[in-house]
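# Observations on chain architecture
Single-letter residue listing:
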Amino acid sequence: MALSEVSVDCAAGSVHAVTGENGAGKSTLMNLLAGVHRPDEGRILLRGEAAWLDSPHDAQRSGISTIFQELTLLPNLTVAENLFLGREPTRHGMVDRRVMRARAEVALKRLGSRIGVDEYCRELSVADQQLVEIAKGISADADIFIFDEPTAALNAPEVEKLGELIASLKSEGKLIFYVSHRLDEIFKFCDQVSVLKDGQHVATQAARDLTHDELISLMVGRVLTQFYPARKPLQRSSNSALDVSGLVAAEGGPSVSFAVRRGEILGLAGLEGQGQRDIIRALAGLQPAVQGQVAKSSAAGDGSHPLDLTVVATALAGIGFVPEDRKSEGLYLSLSISENIVLGMLRRFSVWQRAKVRTDLVASLMERMRVRATSPKQLVGMLSGGNQQKVMIGRWLASGVDVLLLEEPTRGVDIGAKAEIYALLRDFADGGGAVVLTSSELQEVLGLCDRVVVVRGGAITAELDGAMTSEEEVMRFALTEQSSADGSQAGSANA
C-alpha cells in the first residue's frame, strides 16, 4: 500500500501505536523507517535532522532496530547465530562464540525466555521463534525500536513479559513504535495511537483519550455493530460431526475424549504449549496419534464411520485444516488467488480426472469473503495478512468440506477482517458444518465459540458454555487440575 502525505511526530521515551486495517499502509510506513523502502517525497527527521535511510544497514547505524512480523530466522543456524547474524562479535579476526553465546543469553533472559542459545531455530515452535526475533531486535544498541505484531504467536505470560520489556525501554528514553491489531495491548502498552487507512493518516491521539469503540471506528471507517456474530441455540439432538475417543495425541500424554456437533464452533483453550496444538494436528492427520479412535458422521446423518488419521484420509473425509503459519504451511505465495483456492477442489477428483477450474466459484467466494485484490489472478504473496487468511479458508469452503480445523484463525489479521472471518465461520457452522479451533486470544474463543474445552498438560480439565463462561473461569481450569463444576472429569468432555 502506497502512503500519501503521512506525517507523524513521535517523542523519545514513549510508546507510539501504529494501527489500521490490513493494507492501510502500516508496514509501508515502518519499512520506510527500517530502510527497506525509500520515500518518493517528504523527509524522515531523526533527532531533528534529516536522515537518509537507503538500506536496513543505514537504519541500524542510525539506531533503528526492527522486529518484523514475518519470521526471518535461518532454520539451520542456532539461536545465538541468528541473534548476531551479520554483527558477530570477533576476536583476532575470528567469531568469538563464547561472547556471542553470553550476549544471546542476556537478551533472552531479558525476555524471561528459557530457550537454549545452542538450539537450532528449525526445532523451535512458532512462538519461540517469535521470541528469538524480539531478542534479536533488542540485542541491538538502538534508540528507536519497531515492534511489528510482536505478540501474534505469544501466550499471555509472554505478552506480559514483553510489556515489561517495553516499559523498561521506555524508561531508558527509547522510542517504541508498536504496530498491532490487538486493541487491549494498544491501550495497555501505548501512549499515543496513530491510525492509517488506505495509505493516509486518519488521526493521532493519546490512547487514554480513546475508547475501544472509537478506535475501531477510526480504523474501519464505520461502527462495527456486531463484532462477534450471534450464536444460535444449539439443539442437543444435533448430529455429532466428530466423536473423539481415547485420543493420545503425543507420546506419553493423557487420553482425551470429546464430541463436536454440527452447527457448533468448539474452542480448545489453555496456555500455550498445553496440548491444544497436538490434538488439532492429530485430528488433521498432520501429527501421528499414539492411540485412540475418531469417528466422523456425514452431514446427511447416515451414521458414523471410523476415520483414518492421515492427511489424505481426513481431506477425503471432508475435513479441512488451516495452520497457524499460513505462509510456510498453507499457501503457495507464488501462485494466484484462484490457483490457491482451486487446490481445495482437487480432493473431489481422482488422479486420473482432469480438474476443472471453476472461475465463477472463485469469483463468488472472493466477493462473499470480501477478499481485497485486483483480480483472482493476483499472487497470494502480494495480499495482506487478512486477505491471505481468507484465501486459506476459502480453499476449504470451495472444496465442500463439512468440518474445519483451525489454528489461530485470525493471527496477524486486522479488526475489520477478523469480524468478516468470524462471520464466515459462523455461517459455515449454521449451514451444518462443524468447527474446531485453537487461539491464543482468549477473548476470541469466548466471543466466537459455542463450547470451550480447556486443555492443561494434554488433558481436558473442563468443558464450558462459551456464552456463559469468563476469562477468569477458563484460566482457573487452565492453571489447575480441577474438574469442571458440571461434573466433567479431567481428561474427558463428552457432548
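Now for a look at the structure at hand. Please read all numbers here as calculations on a predicted model, not as lab measurements.

### Overview of the overall build of the chain
Helix and strand counts for the chain stand at 17 helices and 20 strands. The C-alpha atoms of the chain give a radius of gyration of 23 Å, which matches the 23 Å a tight globule of 495 residues would have. Across its three principal directions, the C-alpha atoms of the chain cover 75 × 50 × 50 Å. Of all 495 residues assigned to the chain, the portion counted as buried reaches 52%. Taking the intrachain contacts of the chain between residues at least 6 apart in sequence as the baseline, contacts between residues at least 24 apart amount to 68%. Counting only carbon and sulfur atoms, one obtains 49% of the accessible surface of the chain, whose full area is about 22,600 Å². Seen as two clouds, the 51 positive and the 63 negative side-chain charges of the chain have centres 3 Å apart.

### Quick look at helix α13 (residues 359-369)
All of the buried residues along α13 are Val362, Leu365, Met366 and Met369. With its buried residues spanning 100 degrees around the axis, α13 presents them on a single face.

### As for the packing of aromatic side chains
Tallied over the entire structure, the rule returns five aromatic pairs. Taking 5.0 Å as the distance between ring centres and 25 degrees as the angle between the ring planes, the aromatic pair formed by Tyr228 and Tyr422 counts as stacked. You can see Tyr228 sitting in the loop between α8 (212-220) and β11 (240-248) and its partner Tyr422 sitting in helix α15 (residues 415-430), a full 194 residues away along the chain. Aromatic rings pair up to connect Phe227, Tyr228 and Tyr422 into one cluster. Here the basic side chain of Arg122 rests over the ring of Tyr120, its NZ or CZ set 4.7 Å away from the ring centre.

### What to know about the sheet that holds strand β19 (residues 451-456)
Hydrogen bonds along the backbone pair up the strands of a sheet, which may run parallel or antiparallel. Ordered in space as β16-β17-β18-β13-β19-β20, the six strands form an open sheet in which the pairing is mixed. Strands at the two margins of the open sheet, each flanked by one partner only, are β16 (319-322) and β20 (459-465). Neighbour to neighbour, the strand axes of the sheet diverge by 20 degrees on average, direction disregarded. Here strand β13 (residues 265-269) pairs with β19 via four bridges, running parallel. Each residue of the ladder has a partner; that of Gly267, found in β19, is Val452. Set on the sheet, α15 makes contact with β13, β17 (403-407) and β18 (434-438); between it and β17 the angle comes to about 155 degrees. Across the face of the sheet, helix α17 (residues 471-479) comes into contact with β13, β19 and β20 while running at roughly 30 degrees to β19.

### Regarding the sheet that holds strand β10 (residues 200-206)
Spatial strand order, β4-β7-β8-β1-β9-β10: six strands in an open sheet with mixed pairing. Two strands lie at the open edges of the sheet, namely β4 (64-67) and β10, each paired on one side alone. On average, adjacent strands in this sheet sit at an angle of 15 degrees to one another, irrespective of strand direction. In the sheet, β4 pairs with strand β7 (residues 144-148) via four bridges, with the strands oriented parallel. Looking at β7, one finds that Thr66 is bridged to Ile146. Along the sheet face, helix α6 (residues 156-171) touches β1 (14-19), β7 and β8 (175-179) and points at about 145 degrees away from the line of β8.

### A word on the pattern of salt bridges
For the structure on display, the rule yields 28 salt bridges. Asp143 is the salt-bridge partner of Lys174, the closest N and O atoms lying 3.6 Å from each other. Taken together, the positions of Lys174 in the loop between α6 and β8 and Asp143 in the loop between α5 (126-138) and β7 put the pair 31 residues apart, joining distant regions of the chain. The shortest N-O distance in the salt bridge between Arg281 and Glu329 comes to 2.7 Å.

Procedures and definitions
- Residues numbered from 1 in each chain as written.
- Predicted model: local features only at pLDDT ≥ 70, side-chain atom pairs only at ≥ 80, totals over all residues.
- Heavy atoms only, no water.
- Helix = DSSP H or I, 4+ residues; strand = E, 2+ residues; numbered from the N terminus.
- Rg over C-alpha atoms; globule rule 2.2 N^0.38 Å.
- Buried < 20%, exposed > 50% of the residue type's maximum accessible area, 1.4 Å probe, protein only.
- Contact = heavy atoms within 4.5 Å.
- Areas by Shrake-Rupley, 256 points an atom, 1.4 Å probe, with all protein chains shown as cover.
- Lys, Arg positive; Asp, Glu negative; His and termini not counted.
- Charge placed at Lys NZ, Arg CZ, Asp CG, Glu CD.
- Arc of directions from axis to C-beta.
- Phe/Tyr/Trp six-rings, centres within 6.5 Å; stacked < 30°, edge-to-face > 60°.
- Lys NZ or Arg CZ within 6 Å of the ring centre and 35° of its normal.
- Pairing = 2+ DSSP bridges.
- Axes fitted to C-alpha atoms, helices over the stretch in contact; angles between N-to-C directions.
- Salt bridge = Lys/Arg side-chain N within 4 Å of Asp/Glu carboxyl O.

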